[in-house]
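In case you want the letters, here they are:
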Amino acid sequence: MIALIAAGMLGLLADYQNHQLFEQHTRATVADRLSVIRARLEGNINRDIQIGRAVVAAFATRPELDRTEFNTLVEHLLAAGSDLRLIAAAPDMVITMVHPLVGNEQAMGLDYTKTPAQREAVERARATGHLVLAGPLELVQGGVGIIGRYPVMVDRPAGPPVFWGIVSAVIDLERLYRNSGLTDPSFDLDLTIRGRDGKGAAGEIFFGSEEVLEHDPLIATVSIPGGAWQLAATPKGGWPAPPNTISFRLMIALIGTFVVLPILITGHLYAERRRNLDELSEAKRLAEARNIQLEEANRLVRHTSLHDELTGLPNRRHLMDRLGHLSSDTGEPLGRIAILHMDIDRFKQVNDAYGHATGDHLLQHTADLMRAVFRPDDLVARIGGDEFVAVCISDEPEELASALAEELIASFRHPIDLGEVRCRSGLSIGIACSEPRKYQPRKLLIDADIALYRAKKLGRNRFEFFTRALEAEVVSAKRLADEILTGIEEGQFTAHYQQQFDASTRDVVGLEALIRWNHPTAGLIGPSRFLEAADEINVLPVLDHIVLEMALAQRFRWLSTGLRVPRVAVNVSMGRLRDERLIEKLAAMAIEPGMLAFELTEAIYLDDSDDIVAENINRLKQLGIEIEIDDFGTGYASIVSLMRLQPKRLKIASQLTAEVATSGSQRQLIRSIVEIGRTQGIGIVAEGVETIEQADILRDLGCQTLQGYALGRPMSADQLAGIMPSQV
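Residues numbered from 1 in each chain as written. Predicted model: local features only at pLDDT ≥ 70, side-chain atom pairs only at ≥ 80, totals over all residues. Heavy atoms only, no water.

**A closer look at the overall build of the protein**
Using the following cut-off: Only DSSP runs of H or I reaching four residues or more are called helices, and only runs of E reaching two or more are called strands; each is numbered from the N terminus. Radius of gyration: over C-alpha atoms. The globule rule applied is 2.2 Å multiplied by the number of residues raised to the 0.38 power. Exposed residues in this analysis have more than 50% of their type's maximum accessible area, buried residues have under 20%, and partly exposed residues fall in between, with area computed by a 1.4 Å probe over protein chains only. Note that accessible areas follow from Shrake-Rupley with a 1.4 Å probe, and for residues the cover is restricted to the protein chains shown. His is not counted, nor are the chain ends; Lys and Arg add positive charge and Asp and Glu add negative charge. Charge placement uses NZ in Lys and CZ in Arg. For Asp and Glu, CG and CD serve respectively.
The number of helices and strands found in the protein is 23 helices and 25 strands. For the protein, whose C-alpha radius of gyration is 39 Å, the value lies well above the compact-globule estimate of 27 Å for 728 residues. Along the first, second and third principal axes, the C-alpha atoms of the protein reach 145 × 60 × 50 Å. The buried share of the protein, reckoned over its 728 residues, is 46%. Accessible area of the protein: about 36,800 Å², with a carbon and sulfur share of 54%. Looking at charge distribution, the protein has the averaged site of its 76 positive side-chain charges lying 1 Å from that of its 98 negative ones.

Right under this line is the structure:
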């Protein structure tokens, strides 16, 4: 009886242990499968998020990125494969760019601020400055997806970064499931996923059924930006019973019957247990190996996010992290900081002339050169385009930065071998050094950019140090630019008019409309004070248009009051002539042939490379607008280009007429210009006539039209109306 009781107890224990071992084995198998699913989901989501971040980085460095460049970039990023259905860019919270557009047309023009279903997540991304992942949710264009919203912050030369807009990356949920193996016919688990909007176990179920949660499932967590998903899994159809239950219990019965065989049965059970433990150990080893692979993949992703793919140098994000560490370093500084902001001269010309592949070779050559010149402890980063930044720490940063800059510039003076092409380039460098006991790396980056601007303005291929005087100059220029923009918005710019006279009769034969600025505090300002600044901020075409509209409107008012109005000439800038809609706008103004003349500089009409400019000039003539060459003799004119353009008139620059009364060579030069005009049928206008003596000499030399203070000064429309003759 004792033996039977012992055998029975051992049998019950063995039966229970058999169930436990089988359950452990089954749960280990399910855990292994669930780990694979979790790794796939995390890997696919992280890959898709990194693609979105690459687009954000592009807009952060180039906020002016247009739709074509956006489509090219996204298409390139998606070429490697992803679960993304689309990527949309929403500057100022309104979607203006979507790739791919086909099938997603309904997303174009979507205003996040007016869409309650999406406004909360977008505003949260903007407020936190971090990616917000929402979903799964129903998409505007149909279907279900997960939307990642990335705030785009654009650095500016002064002040904190500014909010540009939102980049949205839509992960197609069905594609994510498919690529992660969840919809595979061979998938042998009952799986439930909950945690909509990253809320983990507290979130709603969006895959599978709630029934899985009632059968003691295995749980795994998928980490996503801003939260997590919870996976719950059981084998297909629930947890199975051990397949050897009947035979095992029969064996237990045999043990009770054949008490003499307990040692053999015990040995058998021990061997089976050993095999099960070995299988568990192998499963654990495989899981650990997969975790190591996942960690390595994450390391590569982090490295890619902090380095430039083309040159291998650290990128802007890496640079800003380094500057942030330097700013927050509370220990004793190792030295003072020197920041060198470097820009390749004529890089755009290399790209345009030889192609982007050659431009890439030039960038790689520059990166290699910088690695050779800078010290191992210096940080050299490519922050975008052809711009590089180096951060050096030294007790004497000025001397170190000067030596490094001179070496770099000297290296760029030699021809650069770029494979099939040899070309010359240059390097402009701006340098800013920290003052003793002052450690403001991010401010130094702005200062170095200001110094780089000065180096480029002074002729390129050189380096300049930042100074307080330079900062004051830049601030003053920025203030003037802001005032110009305000003046345009508030209508402060107006036109004055200077008369043009027939050289023989001294009758008025034309007017030139000249821009003036009615500044609210400085009074009336001439163009010499603001045209250069206006050109730098690209508003010269706007000022040209303002003067043109004022001149045409004023001419109509003069005519309506019975005044005789001669031809009116207005200046036109290169930016205005590059406007593809210029002719369309002028045609809508109903300009009478011969009533209007456009004055061009030599630099404009000699630019053969611009087809739009050449076409617009030809079509201006067809509209009856006369073409005049302003400041003739001060540029790089050629007879061939003059014959090609065939202008109506040449205006001899005031620099040539100023000494006509005292210089025989000047008179001979003007006589030659007059002769050129006569042979080509081009009228000659002499401007800058300051004395009556000059007027008489210029008339005798053959000039048909005179303009200058000796005959008439620029004046307002009302002043001019008082001296204009009435129509007969």
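**Details of the sheet that holds strand E3 (residues 132–138)**
As a reminder of what qualifies: At least two DSSP bridges between two strands are required for those strands to pair. Simply put, an axis is a line fit to the C-alpha atoms, just over the touching stretch for a helix, and the angle between two N-to-C directions goes from 0 to 180 degrees. In what follows, residue pairs with any heavy atoms lying within 4.5 Å of each other are defined as contacts.
Strand order in the open sheet made by the 5 strands is E2-E1-E5-E4-E3, with antiparallel pairing throughout. In this open sheet, the two strands that pair with only one neighbour each are strand E2 (97–99) and E3. On average, each strand axis in the sheet is inclined to that of its neighbour by 20 degrees, with strand direction left out of account. As defined by bridge partners, strand E1 (residues 84–91) adjoins strand E5 (residues 162–172) across 7 bridges and the pair is classed as antiparallel. Bridge pairing in E5 places Leu 86 opposite Val 170. Helix-sheet contacts for helix H2 (residues 67–78) involve E1 and E2, and the interaxial angle to E2 is about 30 degrees. Against the sheet, helix H3 (residues 116–128) engages E3, strand E4 (144–154) and E5, with an angle of about 35 degrees to E4.

**Points about the packing of aromatic side chains**
Rules: Under the pairing criterion, centres of Phe, Tyr and Trp rings, with the six-membered ring standing for Trp, must be within 6.5 Å; the plane angle then separates stacked pairs below 30 degrees from edge-to-face pairs above 60, leaving the rest tilted.
Tallying each qualifying case throughout the model produces 9 aromatic pairs. Judged by centre distance (5.0 Å) and plane angle (70 degrees), the ring pair of Phe 206 and Trp 229 falls under edge-to-face. Taken together, the residues Phe 206 in strand E7 (residues 205–207) and Trp 229 in strand E9 (residues 227–235) connect sequence positions 23 residues apart. Each member of the pair, Phe 206 together with Trp 229, is buried. Relative to Phe 530, the ring of Phe 493 lies with its centre 5.4 Å away and its plane at 65 degrees, an arrangement referred to as edge-to-face. With Phe 493 in strand E17 (residues 493–502) and Phe 530 in the loop between strand E19 (523–525) and helix H13 (531–536), the pair connects residues that are 37 residues apart, well separated along the chain. Judged by relative accessible area, Phe 530 falls into the buried class, the value being 0%. Connected via pairs of aromatic rings, a cluster forms that spans Phe 59, Phe 70 and Trp 164.

**Side note on H2**
Here is the rule we go by: Multiplying 1.5 Å by the helix residue count minus one yields the expected span of that helix. Our arc is simply the arc of the directions from the helix axis toward the C-beta atoms. Polar contact is defined as a pair of N or O atoms within 3.5 Å, subject to the rule that within protein one atom must be able to donate a hydrogen and the other to accept it, and that residues adjacent in sequence are counted only when both atoms are side-chain atoms.
Taking 1.5 Å per residue, 12 residues should reach 16 Å; H2 reaches 16 Å between its end C-alpha atoms and fits that length. Every buried residue belonging to H2 is among Phe 70, Val 74, Leu 77 and Leu 78, and all of these are buried. Seen from one end, H2 has its buried residues packed into an arc of 95 degrees, which puts them on one side. Of the exposed residues in H2, those oriented more than 90 degrees away from the buried face are Thr 68, Thr 72, Glu 75 and His 76. N-capping of H2 is provided by Asp 66, with a side-chain oxygen placed 3.3 Å from the backbone N of Thr 68.

**Focus on unusual backbone geometry**
For the peptide bond that leads from His 99 to Pro 100, omega is -5 degrees, which places it in the cis range. Within the element layout of this structure, Pro 100 appears in the loop between E2 and H3. Even without being glycine, Asn 461 reaches a positive phi, approximately 55 degrees. Examined against the element boundaries, Asn 461 turns out to sit in the loop between helix H11 (441–457) and strand E16 (463–465). Its identity as a non-glycine residue notwithstanding, Arg 506 has a phi of 65 degrees, on the positive side. Checked against the element boundaries, Arg 506 lands in the loop between E17 and strand E18 (508–519).

**With respect to the pattern of salt bridges**
In plain terms, the rule: A side-chain nitrogen of Lys or Arg and a carboxyl oxygen of Asp or Glu constitute a salt bridge if their distance falls within 4 Å.
Throughout the structure, instances matching the rule amount to 41 salt bridges. The closest approach of N and O atoms between Asp 278 and Arg 274, which form a salt bridge, is 3.6 Å. Within this pair, Asp 278 and its partner Arg 274 are both found in helix H6 (residues 262–306), separated by 4 residues, close to a single helical turn. Judged by its relative accessible area of 40%, Arg 274 falls in the partly exposed class. Note that Glu 512 and Lys 651 form a salt bridge whose closest N and O atoms lie 2.9 Å from each other. Taken together, the positions of Glu 512 in strand E18 and Lys 651 in strand E23 (residues 649–652) put the pair 139 residues apart, joining distant regions of the chain.

**A look at the sheet that holds E9**
Taken together, the 4 strands give an open sheet; going across it, the order is E7-E6-E9-E8, and neighbouring strands pair in antiparallel fashion. In the strand order of this sheet, the two ends are held by E7 and strand E8 (218–224), each with one partner. The average undirected angle you get between the axes of adjacent strands in this sheet is 30 degrees. Pairing geometry for strand E6 (residues 189–194) and E7, over 2 bridges, is antiparallel. Its bridge partner lying in E7, Arg 194 is registered against Ile 205.

**Describing the side chain of Asp 343**
Assignment of secondary structure puts Asp 343 in strand E10 (residues 336–345). A polar contact is formed between the side chain of Asp 343 and the side chain of Lys 456, at a distance of 2.7 Å. Not counting chain neighbours up to four residues away, the residues in contact with Asp 343 comprise Asp 386, Glu 387, Gly 426, Leu 427, Ser 428, Leu 452 and Lys 456.

**Digging into the environment of Ala 271**
Its location among the elements puts Ala 271 in helix H6. Residue Ala 271 is classed as partly exposed on the basis of its relative accessible area, which comes to 34%. For the pair Ala 271 and Asp 197, spaced 74 residues apart in the sequence, the C-alpha separation amounts to 49 Å.

**Quick word on helix H12 (residues 468–489)**
The end-to-end C-alpha separation of H12 is 31 Å, in line with the 32 Å expected for 22 residues at 1.5 Å each. Where H12 is concerned, the buried positions are Leu 470, Ala 481, Ile 484 and Gly 487. Each buried residue of H12 sits inside an arc of 120 degrees when the element is viewed along its axis, so together they form one side. Residues of H12 that are buried make contact with H11, E16, E17, E18 and H13.

**A closer look at the pairing of strand E21 (residues 596–601)**
Looking along a regular strand, one sees side chains alternate from face to face of the sheet. Most of E21 is tucked away, with 5 of its 6 residues classed as buried. Relative to E21, strand E20 (residues 567–571) runs parallel, the two being bridged by 4 bridges. Each residue of the ladder has a partner; that of Ala 569, found in E21, is Ala 597. With 5 bridges connecting them, E21 and strand E22 (residues 626–632) associate as parallel partners. By the bridge assignment for E22, Leu 600 is matched with Ile 629.

**A word on the nonpolar core**
Just so we agree on the cut-off: Here, nonpolar core refers to any group of buried Ala, Val, Leu, Ile, Met, Phe, Trp, Tyr and Cys residues whose side-chain atoms link them within 4.5 Å.
By size, the foremost hydrophobic cluster in this structure holds 69 residues, and its most contacted members are Trp 558, Val 570, Phe 598, Cys 703 and Leu 706. For Val 570, the residues in contact, after removing those within four places along its chain, are Ala 513, Val 547, Leu 548, Ala 551, Leu 596, Ala 597, Phe 598 and Glu 599.

**Re a nonpolar patch on the surface**
Test applied: Patch membership is restricted to residues that have no salt bridge and whose relative accessible area is over 30%. Joining uses 9 Å for like charges and 5 Å for the nonpolar side chains Val, Leu, Ile, Met, Phe, Trp and Tyr.
A contiguous nonpolar surface patch, about 390 Å² in accessible area, is contributed by Met 1, Ile 5 and Met 9. Here Met 1 shows up in the segment before helix H1 (2–61).

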